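Fold and geometry: a report
Take a look at the letters that make up each chain.
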Amino acid sequence: METVACDLCGSPESELLLEKDGGRYARCPHCGFIFTNPRRLRFEADNEAAFLEGLARYAEKNYSPKKQREYRRSLRPLARWRKTNRFLEIGSNVGGLLAAARAEGWEVMGVEPVAECARYGRERHGLEILPCVLEVANLPGDSFDVVYSNAVFEHLASPASVLREAHRLARPGGVVFIDTVNYDSYTRRFIGPGWKLIAPADHLSLFTPGTLRRFCAQAGFRVTRVETHGVRLRPNNSPRLRGLARWGEELVKLPLSLLCRWTLKGDSISVLAQKDAGPSTAGASPARPG
Ligand SMILES: [Zn+2]
Ligand SMILES: [Zn+2]
């Protein structure tokens, strides 16, 4: 076990927030970032074992026509950033989303530290996926229109270092897109620590809209959009409700889902943040030398 400092503000102080499954989450008293502390060394090895177990079962689901259509729809709003035509995914897993991005016309590349997953995407689907973490991939700077990541940031030991690298890799005016767990959600309040996404063995970092925004800003990005989505009243594995009970649940969920637009308390946070377009784009800033 190793004690770590807050990855967002660097403070060595942290307060115990909750214990679950033999792990501990701490909250930084200065910036509010939530992270496992102390944490196990060699986290990646265990994580990899868990991934491999399910690999055969889920891999091809990511490539089903239905899933591919979903991915492609979700990617379309990002087309407006197309300039170099290069798209990078952090934690691309077996490559399902990258394949959809390729079908949308992007030149795609992924990094995936779980070697078996990277190999799956490379060998079965011809995708360029490097079997490593982003910080050591050594990709060319200023080159990607979009740096994308979904359900990955909660797994990171140091979101700050990944975002710094993402900022280096994005072209001037390019964007980073992140979707991750929202600790400050209605769902977490309803379900409590039993919520399956509160999982200290895998999810080392838990964000709120505020802390994720600050991580992006600290890496040099300008946050242009923060949204949250999803409300659950009961754990994912609860039995399905029937009849009136089901209607009752929907009646509570619907207004909460709508409220998320203002309260930002949906299950997951998605952030879009832009890298400064640089001095060449006139009009962005009225300031002129001399
Ligand atoms: Zn902090
Ligand atoms: Zn996860």
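For the structure itself, consult the block above.
Residues numbered from 1 in each chain as written. Chains lettered and ligands numbered in written order. Predicted model: local features only at pLDDT ≥ 70, side-chain atom pairs only at ≥ 80, totals over all residues. Heavy atoms only, no water.

This part takes up the coordination of the zinc ion (ligand 1). Reference geometry at the metal: tetrahedral coordination by four donors gives ideal angles of 109.5 degrees; octahedral coordination by six donors gives 90 or 180 degrees. At this site the zinc ion (ligand 1) is bound by Cys6 (SG), Cys9 (SG), Cys28 (SG) and Cys31 (SG), with donor distances of 2.2 to 2.3 Å. Every donor counted, the 4 donor atoms about the zinc ion (ligand 1) form angles of 99 to 120° at the centre, which fits tetrahedral coordination. All donors of the zinc ion (ligand 1) belong to a single chain; written as a sequence motif, their spacing is C-x2-C-x18-C-x2-C. Separated by 25 residues along the polypeptide, Cys6 in the segment before strand 1 (15–20) and Cys31 in the loop between strand 2 (23–27) and strand 3 (34–36) bring together distant segments of the chain. Comparing Cys6 with Cys31, the two get one shared label, buried. (Donors = N, O, S within 2.8 Å, 3.2 Å for Na, K, Ca; no water. Tetrahedral: all angles 85-135°; square planar, octahedral: opposite > 155°, others 65-115°. Helix = DSSP H or I, 4+ residues; strand = E, 2+ residues; numbered from the N terminus. Buried < 20%, exposed > 50% of the residue type's maximum accessible area, 1.4 Å probe, protein only.)

On to the pattern of salt bridges, then. As enumerated under the stated definition, the model contains 14 salt bridges in all. Note that Arg119 and Glu116 form a salt bridge whose closest N and O atoms lie 3.1 Å from each other. In this pair, Arg119 and Glu116 both sit in helix 4 (residues 115–125), 3 residues apart, roughly one turn of the helix. Looking at Arg119, the relative accessible area reads 35%, which means it is partly exposed. The exposure class of Glu116 is partly exposed, given its relative accessible area of 28%. Residues Arg168 and Glu165 are paired through a salt bridge, measuring 2.7 Å at the closest nitrogen-oxygen approach. Remark: Glu165 and Arg168 occur in helix 6 (residues 159–169); sequence separation between them is 3 residues, near one turn of the helix. (Salt bridge = Lys/Arg side-chain N within 4 Å of Asp/Glu carboxyl O.)

A few words on the sheet that holds strand 9 (residues 205–206). Ordered by their spatial adjacency, 4 strands build an open sheet running 1-2-3-9, and the pairing between neighbours is antiparallel. This sheet does not close on itself; its edge strands, each paired only once, are strand 1 and strand 9. For strand 3 and strand 9, the ladder comprises 2 bridges, and the chain directions are antiparallel. Residue pairing for strand 9: Ile34 is matched across the bridge by Leu206. (Pairing = 2+ DSSP bridges.)

Right, let's talk about the coordination of the zinc ion (ligand 2) for a bit. Protein coordination at the zinc ion (ligand 2): the donors are His155 (NE2) and His203 (NE2), at 2.1 Å from the metal. Within this pair, whereas His155 is found in the loop between strand 7 (144–150) and helix 6, its partner His203 is found in the loop between helix 7 (186–191) and strand 9, the two being separated by 48 residues in sequence. Residue class for His155 comes out partly exposed when judged on its relative accessible area of 22%.

A few words on the pairing of strand 8 (residues 170–181). Burial within strand 8 is extensive, with 11 of its 12 residues counted as buried. The pairing of strand 7 with strand 8 spans 6 bridges and is parallel. Paired with Val146 across the bridge in strand 8 is Val175. Following the chain from strand 7 across helix 6 to the adjacent parallel strand 8, one finds a crossover that is right-handed. Bridge count for strand 8 against strand 11 (residues 268–275) is 7 bridges, and the pairing is antiparallel. (Right-handed = clockwise from strand over helix to strand, strands pointing away.)

This paragraph deals with the packing of aromatic side chains. When we look at a pair of aromatic rings, we describe it by the centre distance and by the angle of the planes. Within this structure, the stated rule accounts for 8 aromatic pairs. An angle of 70° between the planes, with centres 5.7 Å apart, marks the rings of Phe207 and Phe215 as edge-to-face. Taking the ring centre of Trp106 as reference, the NZ or CZ of Arg82 above it sits at 4.2 Å. Stacked on the ring of Tyr183, the Lys or Arg Arg188 has its end atom at 4.1 Å from the ring centre. (Phe/Tyr/Trp six-rings, centres within 6.5 Å; stacked < 30°, edge-to-face > 60°. Lys NZ or Arg CZ within 6 Å of the ring centre and 35° of its normal.)

Turning next to the sheet that holds strand 10 (residues 221–229). Hydrogen bonding along the main chain pairs the strands of a sheet, whether they run parallel or antiparallel. With respect to topology, 7 strands assemble into an open sheet ordered 6-5-4-7-8-11-10, the strand pairing being mixed. Of all strands in the sheet, those with a lone pairing partner are strand 6 (129–130) and strand 10, marking the two edges. Relative to strand 5 (residues 107–111), strand 4 (residues 86–90) runs parallel, the two being bridged by 5 bridges. Note that in strand 5 the partner of Phe87 across the bridge is Val108.

Burial in helix 8 (residues 209–218) covers these residues: Pro209, Thr211, Leu212, Phe215 and Cys216. Looking at the packing, one finds that the buried side of helix 8 touches helix 6, strand 8, strand 10 and strand 11. Once helix 8 ends, the next one or two residues include Gly220, with phi positive near 110°. (Contact = heavy atoms within 4.5 Å.)

Looking at the element boundaries, Asp142 is found in the loop between helix 5 (134–137) and strand 7. Using a relative accessible area of 45% as the deciding quantity, one classes Asp142 as partly exposed. Measuring from C-alpha to C-alpha, the distance between Asp142 and Leu197 comes to 34 Å, with 55 residues separating the pair along the chain. Apart from the residues lying within four places of it in its own chain, the contact partners of Asp142 are Arg168, Leu169, Ala170, Arg171, Pro172 and Lys275.

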